Amino acid sequence: MPPYVYELPSTGAISFTDICIDATGAYTTQLVDATTARANLRSLLKETRHSDGEKDYLRIIKTADDYLPHLYAIIACVNAGELSLRNNPVFSWRSTLSSRTFSSSPRLDVPSLYADLVFTLLTLAFTYSNLASATLLAIGQYELDRYITDDGRKAKDEKLNFAINLLARSSGVYEHITDKLLPEWERATGGAKERPPELKRDIVSALARLALADSSQLAIRKLMTRSAYDSTLTPGPPLPKTHPPTSLLAKLYVNASSLYTTASSLINTSSASSSSNDHSEIIPALRRYLSDERDFTTAMAYKWFGVDAGEAPGRCGHSITYLKLSKAQLEALKESKLKVPVGINSKANKEQKASKKDRLHDELETVKVFLKYYQKMNDSVHFLPIPSESEIKSSVPDGRSAVHPKPFQPPAPAFGPTSPEALRRQAEALDISDGEPAGGTADDPATGSPSSTARVTSTKYF
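Residue numbering note: each chain is counted from 1, following its sequence as written. Per-residue local features of the predicted model are confined to residues with pLDDT of at least 70, and side-chain atom pairs are confined, for both listing and counting, to 80 or more; whole-chain, interface and lining totals are unaffected and use all residues. No hydrogens and no water enter the side-chain calculation; it runs on all heavy atoms of the structure.

## What to know about the packing of aromatic side chains
Condition: Within 6.5 Å between ring centres, the rings of Phe, Tyr and Trp (the latter by its six-membered ring) count as paired, and their orientation is classed by plane angle as stacked under 30 degrees, edge-to-face over 60, tilted in between. Going along the chain from the N terminus, every DSSP run of H or I of four or more residues is numbered as a helix, and every run of E of two or more is numbered as a strand. Categorising residues by exposure relies on relative accessible area from a 1.4 Å probe, with only protein chains included: less than 20% of the type maximum marks a residue as buried, more than 50% marks it as exposed, and the intermediate range marks it as partly exposed. For a lysine, the NZ atom is tested; for an arginine, the CZ atom; a charge sits over a ring if that atom is within 6 Å of the ring centre and within 35 degrees of the ring normal.
Applying the stated criterion across every chain, the model contains 12 aromatic pairs. Plain terms: the ring middles of Y302 and Y322 are 6.3 Å apart, the flat faces sit at 40° to each other, and that makes the pair tilted. Of this pair, Y302 sits in helix α9 (residues 284–310) while Y322 sits in helix α10 (residues 316–335), placing them 20 residues apart in sequence. With a relative accessible area of 3%, Y322 lands in the buried category. Relative to F370, the ring of W304 lies with its centre 6.5 Å away and its plane at 65°, an arrangement referred to as edge-to-face. One end of the pair, W304, is in helix α9; the other, F370, is in helix α11 (residues 346–382), and 66 residues separate them in sequence. With relative accessibility at 2%, the residue F370 sits in the buried group. Among the aromatic residues, those joined into a cluster by ring pairs are Y4, Y6, F126, Y174, Y260 and Y289. When the ring centre of F296 is taken as origin, the NZ or CZ atom of R359, which lies over that ring, is 3.8 Å away.

This is the structure in structure tokens:
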């Protein structure tokens, strides 16, 4: 059940004062601060990894956010020639997406400052997803509570929306890594052939689609919060007045299923091209999750297309085939004994496992009610032909997006030539230089036009 919960990585210690050469001594303090910020993140990730209790995901996000401006600053200084590297730095990170022989995820050495930036941003994106999951566990199935107050419902709606936005932000981070950072890492390292999943474009692109699909499922849930209780109390037709349009729900599920399918294909393609002696194979839990959610969202799309067809004139036969397809898909999922992803504590594990079983059971029973009703209507009233499954599958409409990725905006560097402080000083120097008299008064007597001083006062540089 979305969202996917990640095992967070951990990292080894490193000192930027050891790997960077500061020829002018201008950045001595800043390099110490950067080392401290990274050490804080390392310590927190290590603490989280060895803790069986509740995880403080907000603290991890804040600590990563504190470190990123320092890392961006060092990269900017190296690119500008204000700092140099003693050699190509190597960072130690655990690859938590790699399939492993033993229980512990492998620790790998990855070269380049960009590799450290990629792993840090991946940690941030993983934590967004895990925080979304923790938020959902906290609010529970509140939409089924008949005694919830309007204020209580509004407060939990806001938390559900918070989880949706977290996943959209996570998707945006993955897209930034794929589009901007991995090309930089490949240029810096010469495009190493053997690399962990975290440094593969196909894999990170798959994670972007996974986060967006999870977010879409939560958006669908939010659409149905008003009608959920009535629908559970009396499943089947007629639908409550508060129910969203069934055709819209079906198209939203088609889009989510398409995202899971594409993510799964990207991972399979990447794995097929991997060598057998590296850590490129993706963990089975992630593969299984994508497969299960793809099948579930497909079943839900069939369900709502079936209900939509059943309520439309002359399409009762189509409704029966759609609902039979949905029923078969849900029954296959129920028999597959779904597994919960790794990386969460035992309490959350049990809750997610129970939630998955409840979700499948409830949806399957609802589909059976709709199917029985429309079959009876067709046998006694409509007498319409029932299309084949292949005919129905070939005519499924296109999906519709419920959520879009939130683009990641890199933080301003904490120091260096592109930091806000450096840019402010440059702007002030430019302002002072352009503001000096250029040998004329406010109006140049030779041309009758405003002098340079007058032009500067009317120009905005920011």
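## Details of the pairing of strand β4 (residues 107–111)
Note the following rule: Strands are treated as partners if at least two bridges between them are detected by DSSP.
The alternating pattern of β4 places L108 and V110 on a buried face and R107, D109 and P111 on a face that is not buried. Relative to β4, strand β3 (residues 90–94) runs antiparallel, the two being bridged by 5 bridges. Bridging across to β4, W93 finds its partner in L108.

## Thoughts on the confidence of the model for the chain
The condition is simple: For every residue, the pLDDT score states the predictor's confidence, bounded by 0 at the bottom and 100 at the top. Residue contacts follow a heavy-atom distance rule, with two residues in contact if any of their heavy atoms lie within 4.5 Å.
On average, residues of the chain score 88 in pLDDT, and 86% of them are at 70 or above. Averaged pLDDT values for the elements of the chain fall to 34 in helix α14 (residues 452–457) and rise to 98 in helix α3 (residues 57–80). Scored below 50 in pLDDT, residues 342–346 shows 13 contacts in the model against residues more than four places distant or in partner chains.

## With respect to the environment of E293
Mapped onto the elements, E293 comes out in helix α9. For E293, a relative accessible area of 0% puts it in the buried group. Separated by 36 residues in sequence, E293 and S257 place their C-alpha atoms 7.4 Å apart. In this view, E293 contacts M1, P2, Q217, Y260, K356 and R359; residues no more than four positions away in its chain are not counted.

## Things to note about the pattern of salt bridges
Two side chains carrying opposite charge are able to pair once their charged atoms lie near each other. How we decide: Any Lys or Arg side-chain nitrogen found within 4 Å of a carboxyl oxygen on Asp or Glu counts as a salt bridge.
A complete count under the given rule lists 17 salt bridges for this structure. For E143, the salt bridge is made with R221, and the minimal N-O distance between the two is 2.8 Å. Residue E143 is found in the loop between α4 (113–139) and α5 (150–189), and its partner R221 is found in helix α6 (residues 201–223); the two are separated by 78 residues along the sequence. Assigned by exposure class, E143 and R221 land together as buried. One salt bridge connects E421 with R425, and the closest N-O pair in it is separated by 3.5 Å. Placement of both E421 and R425 in helix α13 (residues 420–434) is noted, with a separation of 4 residues, approximately one turn of the helix. Taking the relative accessible area as the measure of exposure, E421 reaches 37% and is therefore partly exposed. Among the ionic contacts, a cluster of salt bridges with common partners joins E421, R424, R425 and E428.

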